[in-house]
There are 2 protein chains.
Amino acid sequence: MFSERLKRLLVLLSRLPGVGEKTAARYALFLLAADESLSRELGAEIAALRDRVAPCSRCNNLADRPEDGGAALCAICTDNKRDASILCVVGRVQDLFAIERAGTMRGRYFVLGRLLSPLEGVGPDELPMDKLLTLIERERVREVIVATPPSVDGEATALLLKREIAPRGLRLTRIASGVPHGGDLEYADPITMGRALAGRQEL
Amino acid sequence: MFSERLKRLLVLLSRLPGVGEKTAARYALFLLAADESLSRELGAEIAALRDRVAPCSRCNNLADRPEDGGAALCAICTDNKRDASILCVVGRVQDLFAIERAGTMRGRYFVLGRLLSPLEGVGPDELPMDKLLTLIERERVREVIVATPPSVDGEATALLLKREIAPRGLRLTRIASGVPHGGDLEYADPITMGRALAGRQEL
């Protein structure tokens, strides 16, 4: 029932995460009805994405690839108002975005790209520890905030970071785990509730 | 926190229906991690969409635009196995797709493109009635199935179609409205339940 061209587009759109046949058709029909410039510009941006966006050479966040072929540096690493003595270590770029949305992180970041995962066979050698340790040394970092997720892999990664960084004598902290804002105590799972209790602070 | 290029892409992606900042970021990060050919091919298809897909000159369904600049004809209108004597009239291309998914429609279609809507100021003159009536005449249609939605505008359109088509002496039918398959009678709204009762058939 679909035109050949439309079929091709729907197959490609369906490869996006969470997009099935119906959502793909919804996007395609919207693009066919919307201002023609939208499909032209969106298509051009997607097609050129991999040429124009690259990992930041310092922190692995996403950055504009310089046209002169030099090393990419992200908007946070080039922001002089950031406190270079505070370094927040995250697993994925998505996690960096989530922390930035909170708007209270004054320091810089380092994106590991993956977490330690014994179950999936990801060992310490597959994490960019040398790059991280060199950066800590070079930039005279005074506090490392470990912001890996409160999951099995995230905690294993936090322990590895502790083993490597603690001997260097700088401040090493871990983001708090507990009952989320607006959350109902009644529905908190036992582990989260246990952490909320263990991590209690003076009122 | 985003690179300039990424920001541009996120703004464009966010214009798709139901896509907010987070979903846009999810799509962009997926495209940055997936095989590079996906972003190139998807981008190229989207950019060229409006050049390659056009309304079918016979029924207004979506069709491949012929490279020689001739009139576009959709896959259904060019399918000789379809029974040209049965014509199903729908409001939107999405509705045609939904009927095709049921897999039981042997005839062809005509897409009105919009419904009669007194509230939004869409009158009979804005519907392609002449094109529809010419098609019915030319192709010797024997049954017209009115498949506009069971909404106020859909019913108004169905009445308009009845007024125009009934005097021509061919069979004119309307798709059934009632309790959906798998639906729980307890949660059916009163209008749907009323229609299910009024449209009852011999067991």
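See the structure above.
Residues numbered from 1 in each chain as written. Chains lettered and ligands numbered in written order. Predicted model: local features only at pLDDT ≥ 70, side-chain atom pairs only at ≥ 80, totals over all residues. Heavy atoms only, no water.

Novice: Run through the interface of chain B and chain A, naming residues and quoting values.
Specialist: Each partner contributes residues to the interface: chain B has 54 residues there, and chain A has 54 residues. Both sides of the chain B and chain A interface together cover about 5,600 Å² of buried area, and 68% of this is carbon and sulfur. Between chain B and chain A we count eight salt bridges in total. Run the count over chain B and chain A and you get 21 residue pairs in polar contact (both at pLDDT 80 or more). Take the side of chain B that touches chain A: its biggest share by element is 15 residues, from helix H3 (residues 36-52) of chain B. The class makeup of the residues in the side of chain B that touches chain A is 30 nonpolar, six polar and 18 charged. (Contact = heavy atoms within 4.5 Å. Buried area = accessible area lost by both parts, 1.4 Å probe. Salt bridge = Lys/Arg side-chain N within 4 Å of Asp/Glu carboxyl O. Polar contact = N/O pair within 3.5 Å; in protein donor to acceptor, adjacent residues only side chain to side chain. Helix = DSSP H or I, 4+ residues; strand = E, 2+ residues; numbered from the N terminus. Nonpolar A, V, L, I, M, F, W, Y, C, P; charged D, E, K, R; others polar.)

Novice: Could you give an account of the packing of helix H3 (residues 36-52) of chain A against helix H1 (residues 4-13) of chain B, naming the residues involved and the relevant values?
Specialist: The description of two helices packed together rests on the angle between their axes and the distance between the axes. Their axes nearest at 10 Å, the elements H3(A) and H1(B) cross at an angle of 145°. With respect to the hand of their crossing, H3(A) and H1(B) are arranged in left-handed fashion. Contact residues: H3(A) offers A:Leu38, A:Glu41, A:Leu42, A:Glu45, A:Ile46, A:Leu49 and A:Arg52, while H1(B) offers B:Arg5, B:Leu6, B:Arg8, B:Leu9, B:Leu12 and B:Leu13. For the contact of H3(A) with H1(B), the class distribution of residues is eight nonpolar, no polar and five charged. (Axes fitted to C-alpha atoms, helices over the stretch in contact; angles between N-to-C directions. Left-handed = near helix turned anticlockwise from the far one by under 90°.)

Novice: Requested: an account of the sheet that holds strand E3 (residues 83-90) of chain B, with residues and values cited.
Specialist: All names here are of chain B. Pairing in this open sheet of four strands is parallel, and the strands run E4-E3-E5-E6 from one edge to the other. Unpaired on one side and paired on the other, strand E4 (107-111) and strand E6 (171-174) mark the two borders of the sheet. Taking each pair of neighbouring strands and ignoring which way they run, the sheet shows an average axis angle of 25°. With four bridges joining them, E3 and strand E5 (residues 143-146) adopt parallel strand pairing. Bridging from a neighbouring strand, Val89 pairs with Val146 of E5. Its contacts with the sheet place helix H4 (residues 93-102) against E3 and E4, and it is angled at close to 160° to E4. (Pairing = 2+ DSSP bridges.)

Novice: Before we move on, could you go through the environment of A:Leu133 and cite the residues and values that matter?
Specialist: Residues and elements named next belong to chain A. Locating Leu133 in the fold gives a position in helix H5 (residues 129-138). Judged by relative accessible area, which is 11%, Leu133 ranks as buried. Separated by 35 residues in sequence, Leu133 and Arg168 place their C-alpha atoms 9.7 Å apart. In contact with Leu133, not counting residues within four places along its chain, are Glu164, Ile165 and Arg168. (Buried < 20%, exposed > 50% of the residue type's maximum accessible area, 1.4 Å probe, protein only.)

Novice: Just give me the short version of empty space enclosed by the protein, but keep the residues and values in it.
Specialist: Counted by the stated rule, this structure contains two cavities of 30 Å³ or more. In terms of lining residues, the largest cavity is bounded by A:Leu13, A:Leu16, A:Ile46, B:Leu13, B:Leu16, B:Tyr27, B:Leu31, B:Leu42 and B:Ile46. The set of elements that each furnish at least two residues to the lining of the largest cavity consists of helix H2 (21-33) and H3 of chain B. Its residues placed into classes, the lining of the largest cavity shows nine nonpolar, no polar and no charged. The wall of the second largest cavity is formed by A:Arg5, A:Leu9, B:Glu45, B:Ala48, B:Leu49, B:Arg52 and B:Val53. For the lining of the second largest cavity, the elements supplying multiple residues, two or more each, are helix H1 (4-13) of chain A together with H3 of chain B. Top contributing element to the lining of the second largest cavity by residue count: H3(B), with four residues. (1 Å grid on protein atoms, 1.4 Å probe; cavity = no way out; pocket = protein on both sides within 12 Å on 5 of 7 lines; lining within 4 Å. Points joined across faces, edges and corners; volume = space filled by probe spheres on them.)

Novice: Before we move on, could you go through helix H5 (residues 129-138) of chain B and cite the residues and values that matter?
Specialist: All names here are of chain B. Where H5 is concerned, the buried positions are Met129, Leu132, Leu133, Leu135 and Ile136. The buried residues of H5 occupy an angular sector of 160° when projected down its axis, which confines them to one face. Facing away from the buried side of H5, by more than 90 degrees, are the exposed residues Asp130, Glu137 and Arg138. Buried residues in H5 make contact with E3, E4, E5 and helix H6 (152-165). Count one or two residues on from H5 and you reach Arg140, which has phi positive near 50°. (Arc of directions from axis to C-beta.)

Novice: Explain the sheet that holds strand E4 (residues 107-111) of chain A residue by residue, including any values.
Specialist: Think of a sheet as strands paired side by side through backbone hydrogen bonds, with each pair either parallel or antiparallel. Residue and element names in this part refer to chain A. The strand order across the open sheet formed by four strands is E4-E3-E5-E6, and the pairing between neighbours is parallel. Each edge of the open sheet carries a strand with a single partner, namely E4 and strand E6 (171-174). When strand polarity is set aside, the average angle formed by the axes of neighbouring strands in this sheet is 25°. Note: strand E5 (residues 143-146) against E6, four bridges, orientation parallel. Each residue of the ladder has a partner; that of Ile145, found in E6, is Thr173. Contacting strand E3 (83-90), E5 and E6, helix H6 (residues 152-165) runs over the sheet at an angle of about 175° to E6.

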